[in-house]
Amino acid sequence: MMNFQASAVERRITVTQDFASHPMEAGWASEALFFLIVEEVSGGSAALEAAVEISADGINWIPEGTVFSRIQAPGHYGVKVAQFGNWLRVRGKITGAGPSFVLSVHLHLKG
């Protein structure tokens with residue numbers, strides 16, 4: 001029987017600059033799905049570029065290689081991740097004039 005875990009890593013946070021989500025231990029899982037739920041976007045030409053990061057120790061982070069499409073509007077966005085070791089998080093880079101995003105980050109694990 002497979003195990004499944006759904007976690008709200010960040011819930012309705014407002015971000016105005018580059019950020020990283022809380023890290024999650026996921027070593028037991030064989031697959032992971034990250035969801036970004038963007039509720040509001042404001043600011044001139046605001047854009048969010050988000051990517052998955054991995055870590056050996058939960059402290060030092062490196063890019064995993066999976067990236068979300070460039071986000072400029074409210075909506076639901078997701079990526080699939082495989083072969084990720086134990087620690088996962090999402091890092092976001094924000095650009096634009098006075099940008100602001102209200103978003104949630106969810107992680108679903110199965111293994």
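The sections below set out a description of the structure shown in this document. Quantities reported herein were computed from a predicted structural model and do not represent experimental measurements.

### Remarks on the overall build of the protein chain
Next, step 1: From N to C terminus, the protein chain includes zero helices and seven strands.
Next, step 2: For the protein chain, the succession of helices and strands along the chain, N to C, is β-β-β-β-β-β-β.
Next, step 3: Overall size of the protein chain, expressed as C-alpha extent along the three principal axes, is 45 × 25 × 20 Å.
Next, step 4: When burial is assessed residue by residue, the protein chain has 41% of its 111 residues classed as buried.
Next, step 5: Within the protein chain, contacts between residues at least 6 apart in sequence are counted, and of these 81% link residues at least 24 apart.

### A closer look at the pairing of strand β4 (residues 31–55)
Next, step 1: Here 21 bridges tie β4 to strand β7 (residues 87–110), and the two strands are oriented antiparallel to one another. Residue pairing in the sheet places I54 in a bridge with L88 of β7.
Next, step 2: Here β4 pairs with strand β6 (residues 75–81) via seven bridges, running antiparallel. From the neighbouring strand, V38 faces β6, where its bridge partner is G75.

### Here we look at the pairing of β7
Next, step 1: When strand β1 (residues 4–15) meets β7, the two strands line up antiparallel, connected through nine bridges. Directly across from V15, in β7, lies its bridge partner F101.
Next, step 2: Where strand β2 (residues 19–20) lies against β7, two bridges are found, and the strand directions are antiparallel. Across the sheet, the residue bridging to A20 is R91, located in β7.

### Here we look at the pattern of salt bridges
Next, step 1: In total, this model carries five salt bridges according to the counting rule given.
Next, step 2: A salt bridge links E49 to R70; the shortest N-O distance between them is 2.6 Å. One end of the pair, E49, is in strand β4; the other, R70, is in the loop between β5 (62–67) and β6, and 21 residues separate them in sequence.
Next, step 3: The residue E53 makes a salt bridge to R89 at a minimum N-O spacing of 2.7 Å.

### A word on the environment of M2
Next, step 1: Note that M2 resides in the segment before β1.
Next, step 2: Those residues in contact with M2, other than ones at most four positions away along the chain, are S30, K110 and G111.

### Focus on the side chain of R89
Next, step 1: With respect to the helices and strands, the residue R89 is situated in strand β7.
Next, step 2: Engagement of the side chain of R89 in a polar contact is seen with the side chain of E53, the distance being 2.7 Å.
Next, step 3: Those residues within four positions of R89 in sequence are excluded, and the remaining contacts are A20, S21, H22, P23, F34, A51, V52, E53 and W61.

### What to know about the environment of K80
Next, step 1: Within the element layout of this structure, K80 appears in strand β6.
Next, step 2: Overall, K80 belongs to the exposed group, its relative accessible area being 70%.
Next, step 3: K80 sits 12 residues away from F68 along the chain, and the two C-alpha atoms are 9.8 Å apart.
Next, step 4: Ignoring any residue separated from it by four or fewer positions in sequence, one finds K80 in contact with A32, L33 and T66.

Rules behind the numbers
- Residues numbered from 1 in each chain as written.
- Predicted model: local features only at pLDDT ≥ 70, side-chain atom pairs only at ≥ 80, totals over all residues.
- Heavy atoms only, no water.
- Helix = DSSP H or I, 4+ residues; strand = E, 2+ residues; numbered from the N terminus.
- Buried < 20%, exposed > 50% of the residue type's maximum accessible area, 1.4 Å probe, protein only.
- Contact = heavy atoms within 4.5 Å.
- Pairing = 2+ DSSP bridges.
- Salt bridge = Lys/Arg side-chain N within 4 Å of Asp/Glu carboxyl O.
- Polar contact = N/O pair within 3.5 Å; in protein donor to acceptor, adjacent residues only side chain to side chain.

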